[in-house]
Structures are given as structure tokens and as C-alpha cells.
Amino acid sequence: MTSPIPVLDIVGVSKRFGSNLANDDISLSLAKGEILALLGENGAGKTTLMSILFGHYVQDKGQVLIDGVALPPGKPRAAIRAGIGMVHQHFSLAANLTVLENVTTGTESLWSVASRRSEAREKLLAISRRFGLTVDPDARLGDLSVGEQQRVEILKALYNDARILVLDEPTAVLTQVEAETLFATLKDMAAQGLSLIFISHKLDEVMAAADRIVVLRGGRHVAERRAKDTSKAELAELMVGRTVTRPVREASTPGEIVLEAAAVSVRAQGVDVLKAVDFRLRAGEVLGIIGVSGNGQGALAQLLSGTLARTSGDLILFGTPVEDRLSVADVVASGIGRIPEDRNREGAIGEMAIWENAILERVADYSRRGLVDRKAGKAFASRIIDQFDVRGGTPTSRTRLLSGGNMQKLILGRNLINRPRILLAAQPARGLDEGAVAAVHERILEARRAGTAVLLISEDLDEVMALADRIQAIVGGRLSPPITAEEASAQKLGLMMAGEWQAEQTHAV
Amino acid sequence: MSAVLDILASAGLWAAVLRIATPLILGTLGALLCERSGVLNLGIEGIMTFGAMIGWLSVYNGADLWTGFLIAALAGGLFGALHALLTVTLGLSQHVSGLGVTLFASSFSYYVFRLAVPVAGSPPTIVPFKPIAIPGLSDLPFIGPAFFVQTPPTYLAILLALLLAYVVFRTPLGLAIRMTGENPHAAEAQGINPMAVRYGAVIAGSALMGMAGAFLTLSAFNSFFPTMVQGRGWICIALVVFSSWRPGRALVGALLFAFFDGFQLRLQTTLGGAVPYQLFLMIPYILSIAALAVMARRARVPQALMQPYRRGER
């Protein structure tokens, strides 16, 4: 802000893909030591703009200036040399190579007769000390956690002497705690004179971490705000282009108990993943299970989906005790809809057509004389597409082509269209942009109104507080006793997520 | 039992092991180099056949032995360039393209051979490489005649294995090749051209395959016949997996297989009367499958093996 020439100046950049104008005359600048957030929904053109900056794409018009000097378009090497470092959302790393190898690839002349490994190691360690990014240079990358891998990706950029660091949706793959650590690191980097751009569609983190926020919508630069002069509500409106309000649950009286767990424990691969959990799920209510990822949510979802058996305890489904374990076929037949946590891996098969994914759970219902009834299947998919507003595909197009939000609508539709009695929703809004989150929440509340019992597993406080009638925290495989939505506050839930409910309880008694 | 011990104690067996191993070492190194960059090269069987033919033909027409060897390497490189064009530039299936190269190169070898050499009662011959005794070392008892009286291409193969191990693990070029085989997008993000790396690796690897074939006609035997490669190329593909894509282990694997093979050949002559010889023929293959089953479970396959790279796609 003090230097007369900005470190980075993007001037009038446009890029067209076929009929789609991905970037329309975008200009922005970045000062030394500044953190700029590039905010926008999926498809707003954020990643395209950054790919142009990094030389992955060649712009149709406009130019990129580094310290006032134009960067040759379409040359990643030139971008690296000019001091631009990119931290991709899907890491550009090799699992079988070591951290040091990942960082040093391409940094020396390919024709030198020996790698300078000890010098490289020292440089890497010096950088990691300077920015507090601890990592073992000799560890195999595939053995690291996602958060550590991201650290390697950042170190790789810094190792190339990056002065401008671009992070593409850096928190998409991180847990809450990892994300907070990351933003502390980014602020430290900015304080040390680096300039940072991070791409995001999450309002909270943009407000918390950025100095300045540029909002993109439909490929255009629509607004620019200082973080201290704006609000989440204003940013949400700028980003979506209309006022978006997340729906809020209205009061209702729940019905009978449809699913009950009493002291259910699950042991998998020698680890107690669920420890004597109790919960009761009633028709027409949303039970929120809140907790930081990796505390047994996966096991809970698998238990109720029929892919994991319990080791002890009782499970009562629709008033009937479950004998041994639920089978997946029973789960589907008894009207339990499921929204899996990872929609790309467990929710839908990207290479298959939308109609195939729509009927996959109940192929038998769409078969005649041993053959798949394609016509009925496509008709079913069309109904989902209409009723659940799935955009960007026809029944016969490949599912992979759908955006995350639309794929989630397809999965929701597949489960909700036949009015399930129970809906198991694991992180239903993860990675979705603001508009899609509102749509997904609306559908879940609609199911609740129709009498479906919803078990919502989430690590998003706002989501749970907006949707759930009752909330239980999951910590280390244990479930807290439920509290009602009226009793819940962000602070109280935070304590529960840290495992502090035992103390609370004794006070109450 | 004593027959087995006699075989193991004969220097002849161990000398034969190195001789049998040489084409396997060269072929495995070639296939390994291709795969490290992310390209499976099933053209190996045909490229070895063509290398054997063209090397022999050059020498038969008056070239010296080393020139023949070099021509075989260049011819191998040309077939490598064809495979790279199909799989890297056009992004076709590496399986199909590789098998196509093998079929084409094998039949083309026979075609050229028949054009150049008219049908004769007994196949024409050349004078092959002579064993060279390494001064000093070859005088060692037992070990000397076993390991240090070999033809020059054998020594070359062992040196190349060590050289390739160094290049792959100790140089920036080797790191670039490995990164390309693991994640070409990451390589490109670091300013490396993955297409160029793959072309280079496939051409160089195929040149090694051509040399592997030439060893058969210029050192192991002295004439060419179209079926002489006899599945050695496929053994090399298996040895790459056995070696976990490491040149040093590829050397060990090739020697191990050659040991089984040399051993069974001698068993045939001693026990051949009592037991059908076909059983002995199976031994190296059965042991290879067993070794492969043990080793391959721990192997870390290059993550981008058989995945075509296209810029801008994920």
C-alpha cells in the first residue's frame, strides 16, 4: 500500500471458453504485504483468472504486470521466475516421492550431473523455520495428512522464491483447526512482506483473514471492499447477485421415535470408533450431530447405512430391534435415504449418466425381465431434475459434468423424491457455494415438514444451529446428551465439541 | 542331491547366468525407464526382435560389431518414437499401442530379414563378440572364470544398470522423470514439460530394448531367427514390477531369473532321463511368479503409469 507500484497488477483480462465468457475485463491490483481475497461462487471465474496469472491459460485480452513489468502469457516458468507461487486446490504433488523431492523438482537444471540435495534440504528447513511450517523433508508425501501436504505445497512455492502466493480454496480440504492454523500462517507471511491472494467462497474466512476483498460474479469484477468496512450479509449479496437467506427451521412437534440407539459401540480394525452412543431420532425432526471431522462421524454414518456392524448395544428401527446388522438392501428397502459425506466417491459415479446414478440404489425397481428399463429410469431422472432444480445436465449427460451443488441436488432428489422416513445427511453442504447451501438446507427442512426424521452430521456450527431441533456433540466416538436448539449457542456447542459436556451436566444436576 | 551341488559348484553355470541375464538386464532397464515416466511399453518384445535382426544384418553386411549394436539401439529408439507418438501425443491406450508395436516390429523384422537374406538350408552366421577376460580379476579362482570372462555387452549392461540407478535417484533429470511418472501436472507446475520428458524416456528406453535384442544375435548366438526373443520381453515387463521400478533391483532380478534358467538347463542334462524336461523349463517361470507375488505387493507403482497427459485437464 505504501509502494507506488503494486506488486501485482492485472489489467483488463478477458478469457472466453467457447460460448462462455469466463473472465470479462477483470482488473485488480495487489500491494506488498497485503492479503487479498477473491470471493465468488463456483464458476464465477476465480480459478480461470488465477490460471491466467500462473500461465496455465493464455488470456484473450489484457495483461498481467509484476512490479510494473508485463508477464509473457502462457508461460508457467516465467510466472515462477517472476515470483508467483500457486497452491492448487487439488495439490500438485506426488505421493510416492519425498517432501524434499516434491519441493525441488524442476528447480535445478535438468542436465546437471548431480542433485544438490544437502543445499536444498538446508534451504527448505530455513524456509520452514521462518514461517513455522514444520515438515520432515524425508517423509514420503503419501504418508502425510492433508494439512501437512498443503504445507508442502506452500513450501514448494516459497522454495521457488515466491513473493506472490496464490491459494485456490485452501480450506476446502482442511478441518476447522487446520484452517485456523493456516490463516495464522498466512498473516505471518504477509507481515514478513509476502503478498497473498486466496480464492474462496466462504464468507467467514474471507472476513477473518483478508485485508481486502474482490468479488467476482459471472466472470466480472463486481465489487471491491475493505474487510473492515463490509459485512457478511453485504458480501453474500454481492457474490450471489441477489439477497440470499439461508432458510431457518420453524417450530413443529416431532412424531414417534423411528430410530433409537442404546449404548451402541463399534469396533473397527482394533479401534473403538463408537463408544456406547445413545440417541433417539423422531419423525419430523432434525437431530444434529456436531463435531470436528474424524471423531466417529464416519462410523456412525456407516453403521446406519448398513456398511458397518455394531459390536454391542441395541439398535431399534421403527420400533423393531435390529437383529444382527442392517444390510444395505434393508436400509434402502426400509426407506432410509442417505447423503454420503464424499459425494464424488460414495454418492455418485461421475463416469455414469445422470439417470443411471438416479436409479442405482433401486435398479430392481427399474428392471423388466432382467433388463434395465432405460425409459423408466430416464423418466425418473427427469422428475428429479425438474423437482430439485438440477442444472447443467440432462438425464443422459455424464454426472461428472455437474457442479458440486447440482450433483448434491441430484443425490438429495434421488433420496427425497420418494419421501423417505429417515434421511441420513453427512456434511450435506460441504464445499458448496452460498446459493447451493441455501437450496440444500431448504430441501432438508422441506423433508422435515413432510415428517421425515433427519440425522444431520455436520461440523458447521451455523448449519447445525439453523437446521437442528436437538443437537448432540460427537467427540472421540462418544455422543453428548442432546440439548435443544433453544439452549444452543455457538459458545456452548464449541465447548461440547471439545468434550466439555460432562462438567456441564454435573452442574445442571 | 549331489548332482544339484555339482551344478552349483561349476563355474560354467555362473558364467552362463551373466550371459543369460544380459538381454534381460538391458530390456528391463529400458522398460523401467519408460514406466518411470508414466508410459508402459509393451512394444519391448517386438523391439528386441527388430534389434536382434537389424544388428545382425548390419554386421552380416560388413559393419563391425559395435556399429551393429549401435544401429540396433537407434532402431529401437525409432520404434520408441512411434510408441511415444501414439501414446504421448495422441494419448492412445498404452496397452494397445504397445502390443501393436510388438506385432508390427516382429513381422517387419522377418520381412526385412527375408528380403535381405535368401532362404538357405542352414542360417547364415556372423562372428560374434568374443569374451574378454578382465586382467587380474579373471585369474581369481572360481569367481574369475564365472564373472570376469564375459563379452563386452555384458559389462556394458551392468554399467548401464548402475548408471541408470544414479540418474534416476541422484540427478535433477531423474527427479523430473519420476515426477512425470507420478504426477505430470505437478511436473508441469514446476516448469517441466511432461511431454518432452515422456518422449525422451520412451525413446531412450526403447534404444535399450534394441540393444537387448542385438545382444542375442551379436553375442549369445551368431545368427538370427524370427522367434529367438522367445518371450524375454514379457519377462522384462514382469521384472520391472519385481524390481519395484528400481534399476539396482532390476539387475538383481534379471540375475535371479537367469540363475533359475541356467540351473534348469543343466538339470535337464543331468536328470533329464528320469523327469520330463518340460518340468524343468517351467521352473524359472514358476519361481518368477512366486517372487513377483511377494515383491509386487510392496511395490509402489508410478501413480500416473498408463495415464495420458493432456495440458489443462485434471
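Definitions and cut-offs
Residues numbered from 1 in each chain as written. Chains lettered and ligands numbered in written order. Predicted model: local features only at pLDDT ≥ 70, side-chain atom pairs only at ≥ 80, totals over all residues. Heavy atoms only, no water. Helix = DSSP H or I, 4+ residues; strand = E, 2+ residues; numbered from the N terminus. Rg over C-alpha atoms; globule rule 2.2 N^0.38 Å. Contact = heavy atoms within 4.5 Å. Areas by Shrake-Rupley, 256 points an atom, 1.4 Å probe, with all protein chains shown as cover. Axes fitted to C-alpha atoms, helices over the stretch in contact; angles between N-to-C directions. Parallel < 35°, antiparallel > 145°, perpendicular 65-115°, else oblique. Nonpolar A, V, L, I, M, F, W, Y, C, P; charged D, E, K, R; others polar. Core = buried A, V, L, I, M, F, W, Y, C linked by side-chain atoms within 4.5 Å. Buried < 20%, exposed > 50% of the residue type's maximum accessible area, 1.4 Å probe, protein only. pLDDT = per-residue confidence, 0-100. Phe/Tyr/Trp six-rings, centres within 6.5 Å; stacked < 30°, edge-to-face > 60°. Lys NZ or Arg CZ within 6 Å of the ring centre and 35° of its normal. Expected span 1.5 Å × (residues − 1). Buried area = accessible area lost by both parts, 1.4 Å probe. Salt bridge = Lys/Arg side-chain N within 4 Å of Asp/Glu carboxyl O. Left-handed = near helix turned anticlockwise from the far one by under 90°. Pairing = 2+ DSSP bridges.

**Some points on the overall build of chain A**
Regarding its fold elements, chain A presents 18 helices and 23 strands. For 509 residues, the compact-globule estimate of 2.2 N^0.38 gives 23 Å, and the C-alpha radius of gyration of chain A, at 25 Å, lies within 12% of that figure. Across its three principal axes, chain A shows a C-alpha extent of roughly 70 × 55 × 50 Å. For chain A, restricting intrachain contacts to residue pairs at least 6 apart in sequence, the fraction spanning at least 24 positions comes to 67%. Counting every atom, chain A has about 22,400 Å² of accessible surface; 51% of that belongs to carbon and sulfur.

**Considerations on the packing of helix α14 (residues 404-416) of chain A against helix α15 (residues 434-449) of chain A**
Residues and elements named next belong to chain A. Axis separation between α14 and α15 bottoms out at 10 Å; the angle between their running directions is 10°. The angle between the axes of α14 and α15 places the two elements in the roughly parallel class. Between α14, through G405, Q408, K409, L412 and L416, and α15, the contact on the second element is made entirely by A436, A439, V440, R443, I444 and A447. For the contact of α14 with α15, the class distribution of residues is seven nonpolar, two polar and two charged.

**Considerations on the nonpolar core**
Residues B:I25, B:L26, B:M53 and B:L218 are the most contacted members of the largest nonpolar core, which totals 91 residues. With 12 residues, helix α2 (residues 11-36) of chain B is the single largest residue contributor to this core. Grouped together as the second largest cluster of nonpolar side chains are 52 residues, A:L93, A:L196, A:L235 and A:M239 included.

**Comments concerning the confidence of the model for chain B**
Per-chain confidence: chain B averages 91 in pLDDT, with 98% of residues scoring 70 or above. Scored as a whole, the predicted complex attains pTM 0.79, and scored at its interfaces, ipTM 0.89.

**Observations regarding the packing of aromatic side chains**
For the structure on display, the rule yields 20 aromatic pairs over all chains. Aromatic side chains B:F257 and B:Y285 sit 5.7 Å apart centroid to centroid with 75° between the ring planes, which places their arrangement in the edge-to-face category. Of this pair, B:F257 sits in helix α12 (residues 247-271) while B:Y285 sits in helix α13 (residues 277-296), placing them 28 residues apart in sequence. The residue whose ring lies beneath A:K123 is A:Y159, and the NZ or CZ to ring-centre distance is 4.5 Å.

**Focus: helix α3 (residues 44-60) of chain B**
Residue and element names in this part refer to chain B. Between the first and last C-alpha of α3 there are 24 Å, a value that for 17 residues agrees with the 24 Å anticipated at 1.5 Å per step. Of all 17 residues that make up α3, 16 are buried, and the element is covered over most of its length. Count one or two residues on from α3 and you reach G62, which has phi positive near 110°.

**Some words on the interface of chain A and chain B**
With 35 residues of chain A in contact, the opposing surface of chain B contributes 25 residues. For the pair chain A and chain B, the two sides together bury roughly 2,400 Å², of which 53% comes from carbon and sulfur. Considering only the surface of chain A that becomes buried against chain B, A:N96, A:T105 and A:L110 emerge as the three largest contributors, covering 24% of it. Counting across the interface, chain A meets chain B through one salt bridge. With a closest N to O distance of 2.9 Å, B:R178 and A:E101 form a salt bridge. Contributing elements (two or more residues each) for the side of chain A that touches chain B: α2 (76-81) and α3 (99-104) of chain A. Among the elements that make up the side of chain A that touches chain B, the one with the highest residue count is α3(A) (four residues). Partitioning the side of chain A that touches chain B into residue classes produces 13 nonpolar, 16 polar and six charged.

**Regarding the packing of helix α11 (residues 232-242) of chain B against α13(B)**
Residues and elements named next belong to chain B. Two numbers describe how α11 lies on α13: the axes approach to 9 Å, and their chain directions differ by 30°. The handedness of the crossing between α11 and α13 comes out as left-handed. In this structure, α11 uses I235, A238, V241 and F242 to contact α13, whose residues at the interface are Y285, A291, L292, M295 and A296. The residue makeup of the contact of α11 with α13, split by class, is nine nonpolar, no polar and no charged.

**Observations regarding the sheet that holds strand β5 (residues 69-70) of chain A**
For sheets, the rule is that strands pair by backbone hydrogen bonds, running either parallel or antiparallel. Residue and element names in this part refer to chain A. Read from one edge to the other, the open sheet built from four strands follows the order β2-β1-β4-β5, with strand pairing classed as antiparallel. What marks the edges here is a single partner per strand, and that holds for β2 (20-30) and β5. As paired elements, strand β4 (residues 61-66) and β5 share two bridges and run antiparallel to each other. Opposite L65, over in β5, you have A70 as the bridge partner. Where helix α1 (residues 46-53) meets the sheet, its contacts fall on β1 (8-17), β2 and β4, and the angle it forms with β1 comes to roughly 115°.

**What about the pattern of salt bridges?**
Residue and element names in this part refer to chain A. Counted under the stated rule, the structure contains 27 salt bridges over all chains. Across the pair E260 and R280 runs a salt bridge, and its minimum N-O distance is 3.2 Å. Taken as a pair, E260 in strand β11 (residues 257-268) and R280 in strand β12 (residues 271-282) lie far apart in primary sequence, 20 residues in all. With relative accessibility at 18%, the residue E260 sits in the buried group. Look at R280 and you get partly exposed, because its relative accessible area is 45%. Between E341 and R430 there is a salt bridge, and its shortest N-O distance comes to 3.3 Å. With E341 in the loop between β16 (336-339) and α11 (343-347) and R430 in the loop between β19 (422-426) and α15, the pair connects residues that are 89 residues apart, well separated along the chain. A relative accessible area of 30% means that E341 is categorised as partly exposed. Look at the salt bridges and you will find they share partners, linking E34, R212 and E224 into a network.

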